[in-house]
Amino acid sequence: MRKNEIYSGLEMKKKLLAGIMKVSDAVSSTLGARGRTVMIEQEFGVPHITKDGVTVAKSIHLKEPIENVGAKLIRQASEMTNREAGDGTTTSTLLASEMIKEGMKFVASGVDPNAIRRGIEKVTVNIIEDIKAESREIKDSDEIMNVALISSNGDQVISRVVTAALDKVGKDGIIMVENSSDDRTYFETHEGYNFDKGFFSPFFSTDMTKYECVMEGANVLLINGEISEVQTLAPLLSECAQKGKKLIIFTDNVGNETLQIFVQNKMRGVISCCLVKNDGYGQSRLDFLEDMSAVTGAKVFSKDMGDDFSKIQMKDLGIVKKIIVDRDKTTILRHESFDDSKVKPRIEALKNKLTTTESAFEKKKIEERIAKLQGGIGVIFVGAVTEAELKERKDRLDDAINATRSAVQEGIVCGGGAFLLKLSELMNEHNKDENIEGDEIYGFKILKKVLQAPLKKIVENSGRSGDVIASKIIDSDFALKYDARNDVMVAYDDPKIIDPTKVVRLALTHASSTACLILTSDYCVVFEEEFPDMMERSGGGL
């Protein structure tokens, strides 16, 4: 049995903060147009060189147990922001670490940490309202390109390609990133399908850093119902394993023991497979399976209809060109050998049904199904000279795609850290009101100081003094802001330096949440010695 060690007091908090700051220092070095890249050693292959904050944060595992707990906790801020916005992870990490550092100073001097937490939470709510009030909608493609340009670290090719892709597929469309066959970066549209359901277990991931299962040329099995026993599918699974076929199974549910068997066989390399949740409930689930049948060419099997799963053959399966599955969404590219003979009639049938349906809810659902069946998926092919450059460029492309999508969804605000600095100065005029009681004022003081951190770090990464530039902006009454790429002061409303509202909002929200959790913790329970990751401890299974 594993033994635990319990730590508390000032020494524990010092080590916790040390781990937090190690992650924050590495991640925040990438912030801004002149931010640095970070080299990450890989178990296999060349080192990964990146400016992506969440990738850097995920790669850090510290030897000292308490410091490693701090590293894991601060990673939450970037991971939550990345999950919802796909960008802003570096800002979120920096804000959270600075809140924790300043908060621990007050806690060490005797201030009630719960009061600090309440103060941070109250002020954060008010600041979020200020962010929404200052936000404005994207005007045109030029502003979309500016957002992409900033997020891609000034890469003109990436910004143009991302803008073209977003114009083509729309704000809710799917954009995928693929490796180019040469050093060119370009955009194409492909027939595809996507829905908001993911895999049953993250152990089906083929990329554990992104928790994604990516398969090409996989066969598809559609099941209306639950897989309660793996033995019923044994003949099909055995044939797939012998022939080296990849298999994606869509099902309503799967028993725990059955899921473990699938995961263990996948981890041991017996069969390349992934179990994905069916979308919808009741009739909508049946509709989903019929749509999937049209898209993949697979037959739908159901025990309720008397189908014998043990008699399923390879000819009953469908096929996809590529499938990407994560915890809450699935994207499918249709196979080139599959024609529109099933899809087009289904679209026409749905259009006819739309004209006879009176329910507004049903009409909306039918329109969504039509859009998914006939909608294209954008694919950006990324080219580079070396593998290391390719990985780094793909990271910047992912950031650009997510940032532009966020900007289209919720609008934009002034960028370069100047807007957060302005919010800090506005706190002199409001936020500090009758709702702030007692020691909650320290939460107010923490946020006022921390909101200046992103601008100062951007400036410091450019080789200038953060305090000096911040003073110039404040003295100009926010008529100016700092252009890190060109190392000059520009007008505050310069459209080339902007941030997506959604990214700024989520970065602050998740930073505050993470900081409050850590500041109100007094004890830390860790294992007595370093243990390998779950995957290694389990021997490749659950």
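Please refer to the structure higher up on the page.
Because the structure is predicted, anything quoted here is derived from the model rather than measured.

Definitions and limits used
Residues numbered from 1 in each chain as written. Predicted model: local features only at pLDDT ≥ 70, side-chain atom pairs only at ≥ 80, totals over all residues. Heavy atoms only, no water. Helix = DSSP H or I, 4+ residues; strand = E, 2+ residues; numbered from the N terminus. Rg over C-alpha atoms; globule rule 2.2 N^0.38 Å. Buried < 20%, exposed > 50% of the residue type's maximum accessible area, 1.4 Å probe, protein only. Contact = heavy atoms within 4.5 Å. Areas by Shrake-Rupley, 256 points an atom, 1.4 Å probe, with all protein chains shown as cover. 1 Å grid on protein atoms, 1.4 Å probe; cavity = no way out; pocket = protein on both sides within 12 Å on 5 of 7 lines; lining within 4 Å. Points joined across faces, edges and corners; volume = space filled by probe spheres on them. Nonpolar A, V, L, I, M, F, W, Y, C, P; charged D, E, K, R; others polar. Phe/Tyr/Trp six-rings, centres within 6.5 Å; stacked < 30°, edge-to-face > 60°. Lys NZ or Arg CZ within 6 Å of the ring centre and 35° of its normal. Polar contact = N/O pair within 3.5 Å; in protein donor to acceptor, adjacent residues only side chain to side chain. Salt bridge = Lys/Arg side-chain N within 4 Å of Asp/Glu carboxyl O. Patch = residues over 30% accessible without salt bridge, like charges linked within 9 Å, V, L, I, M, F, W, Y side chains within 5 Å. Pairing = 2+ DSSP bridges. Axes fitted to C-alpha atoms, helices over the stretch in contact; angles between N-to-C directions. Parallel < 35°, antiparallel > 145°, perpendicular 65-115°, else oblique. Left-handed = near helix turned anticlockwise from the far one by under 90°. Expected span 1.5 Å × (residues − 1).

Student: What is the right way to read the overall build of the chain from this model?
Tutor: Within the chain, the regular secondary structure consists of 19 helices and 20 strands. Computed over the C-alpha atoms, the radius of gyration of the chain is 26 Å, within 12% of the 24 Å expected from 2.2 N^0.38 for a compact globule of 542 residues. Split into buried and exposed, the 542 residues of the chain put 51% on the buried side. Expressed as a percentage of contacts within the chain between residues at least 6 apart in sequence, the contacts between residues at least 24 apart total 76%. On the chain, roughly 25400 Å² of surface is accessible, and the fraction owed to carbon and sulfur atoms is 48%.

Student: In this structure, what is going on with the layout of surface pockets? I would like to understand it.
Tutor: Any empty space left between the atoms is revealed when a probe the size of a water molecule rolls over them. Here the second largest pocket is characterised by a volume of approximately 850 Å³. Every residue lining the second largest pocket is counted, 44 residues in all, and those nearest its centre are Leu31, Gly32, Ile150, Ile458 and Asp499. When residues in the lining of the second largest pocket are grouped by element, the largest group, five residues, is from helix 6 (residues 141–151). Split by residue class, the lining of the second largest pocket holds 21 nonpolar, 14 polar and nine charged.

Student: Please explain the packing of aromatic side chains as it appears in this structure.
Tutor: The geometry of two aromatic rings is summed up by the distance between their centres and the angle between their planes. Within this structure, the stated rule accounts for five aromatic pairs. Geometrically, the ring pair formed by phenylalanine 106 and tyrosine 442 is tilted, given 4.8 Å between the ring centres and 50° between the ring planes. Residue phenylalanine 106 is located in helix 4 (residues 89–108), and its partner tyrosine 442 is located in helix 15 (residues 441–450); the two are separated by 336 residues in the primary sequence. Given the relative accessible area of 21%, tyrosine 442 is considered partly exposed. Taking 5.1 Å as the distance between ring centres and 20° as the angle between the ring planes, the aromatic pair formed by tyrosine 186 and phenylalanine 381 counts as stacked. One end of the pair, tyrosine 186, is in strand 5 (residues 186–195); the other, phenylalanine 381, is in strand 15 (residues 376–382), and 195 residues separate them in sequence. Aromatic rings pair up to connect Phe195, Phe250 and Phe288 into one cluster. The ring of phenylalanine 200 has lysine 277 lying over it, and the distance from NZ or CZ to the ring centre is 6.0 Å.

Student: Can you walk me through the side chain of threonine 251 in this structure?
Tutor: By the secondary structure assignment, threonine 251 is in strand 9 (residues 247–251). In this structure the side chain of threonine 251 is engaged in a polar contact, spanning 2.7 Å, whose partner is the backbone oxygen of glycine 225. The contacts of threonine 251, once residues within four sequence positions are left out, are Phe200, Ile223, Gly225, Glu226, Ile227, Val276, Lys277 and Asn278.

Student: Quick question: what am I supposed to make of the pattern of salt bridges here?
Tutor: Between side chains of opposite charge, a pair can form as their charged atoms come close. This model, assessed by the stated rule, comprises 25 salt bridges. Salt-bridge contacts for lysine 15 lead to glutamate 64; the nearest nitrogen and oxygen are separated by 3.7 Å. With lysine 15 in helix 1 (residues 9–28) and glutamate 64 in the loop between helix 2 (53–59) and helix 3 (65–84), this pair connects stretches of sequence that are 49 residues apart. The partly exposed category is assigned to lysine 15, whose relative accessible area is 27%. A salt bridge links lysine 243 to glutamate 239, with the nearest nitrogen and oxygen atoms 2.8 Å apart. In this pair, lysine 243 and glutamate 239 both sit in helix 8 (residues 234–243), four residues apart, roughly one turn of the helix.

Student: Just checking my understanding: could you explain a nonpolar patch on the surface for this structure?
Tutor: Nonpolar side chains collect at one region of the surface, where Ile6, Tyr523 and Val525 lie side by side and expose about 360 Å² of accessible area between them. The topology assignment puts isoleucine 6 in strand 1 (residues 4–8).

Student: What am I meant to see in the pairing of strand 13 (residues 318–325) here?
Tutor: Taken across its eight residues, strand 13 has six buried, putting it largely inside the fold. Bridge count between strand 6 (residues 213–216) and strand 13: four bridges; the pairing is antiparallel. Each residue of the ladder has a partner; that of glutamate 216, found in strand 13, is lysine 322. Pairing of strand 7 (residues 219–224) with strand 13 involves two bridges; the strand directions are antiparallel.

Student: Help me out: how do you make sense of unusual backbone geometry in this one?
Tutor: Across residues other than glycine, the phi torsion is negative in most instances, and most of the peptide bonds are trans. Unusually for a residue other than glycine, asparagine 153 sits at a positive phi of about 60°. Relative to the helices and strands, asparagine 153 is located in the loop between helix 6 and helix 7 (156–169). Judged by its relative accessible area of 25%, asparagine 153 is partly exposed. The backbone of aspartate 487 shows a phi angle near 55°, a positive value even though the residue is not glycine. The residue aspartate 487 is located in the loop between strand 17 (480–483) and strand 18 (488–491) in this model.

Student: Explanation requested: the packing of helix 7 against helix 13 (residues 387–410) in the structure shown.
Tutor: Geometry of a packed helix pair, given as the angle between the helix axes and the separation of the axes. Contact geometry of helix 7 with helix 13 gives a least axis separation of 10 Å together with a crossing angle of 45°. In terms of their interaxial angle, helix 7 and helix 13 are classed as oblique. Our pair here, helix 7 against helix 13, has a crossing hand that is right-handed. Side by side, helix 7 and helix 13 meet where Val157, Ile158, Val162 and Leu166 of the first sit next to Arg393, Arg396, Leu397, Ala400, Ile401, Thr404, Arg405 and Val408 of the second. Taken together, the residues of the contact of helix 7 with helix 13 sort by class into eight nonpolar, one polar and three charged.

Student: What is the right way to look at the packing of helix 4 against helix 15 in this model?
Tutor: Between helix 4 and helix 15, whose axes approach to 9 Å, the crossing angle comes to 140°. Taken together, the axes of helix 4 and helix 15 lie oblique to each other. Helix-helix and strand crossings are classified by hand; for helix 4 and helix 15 the assignment is right-handed. Facing Leu95, Glu98, Met99, Glu102, Gly103 and Phe106 of helix 4, the residues of helix 15 in contact are Tyr442, Ile446, Leu447, Lys449 and Val450.

Student: Looking at this structure, how should I read the pairing of strand 20 (residues 523–527)?
Tutor: The side chains of a regular strand alternate between both faces of the sheet. Alternating positions in strand 20 separate cleanly, Cys524 and Val526 being buried on one face and Tyr523, Val525 and Phe527 remaining unburied on the opposite face. Of the pairings in the sheet, the one linking strand 1 to strand 20 comprises five bridges and is antiparallel in character. Paired with glutamate 5 across the two strands is valine 526, which belongs to strand 20.

Student: Just checking my understanding: could you explain helix 4 for this structure?
Tutor: Note: α-helices contain 3.6 residues per turn, so residues at a spacing of three or four share the same orientation. For helix 4, with 20 residues, the first-to-last C-alpha span of 28 Å sits near the 28 Å given by 1.5 Å per residue. Here helix 4 lies mainly inside the structure; 16 of its 20 residues are buried. Of the residues one or two after helix 4, glycine 110 is the one with positive phi, at around 105°.

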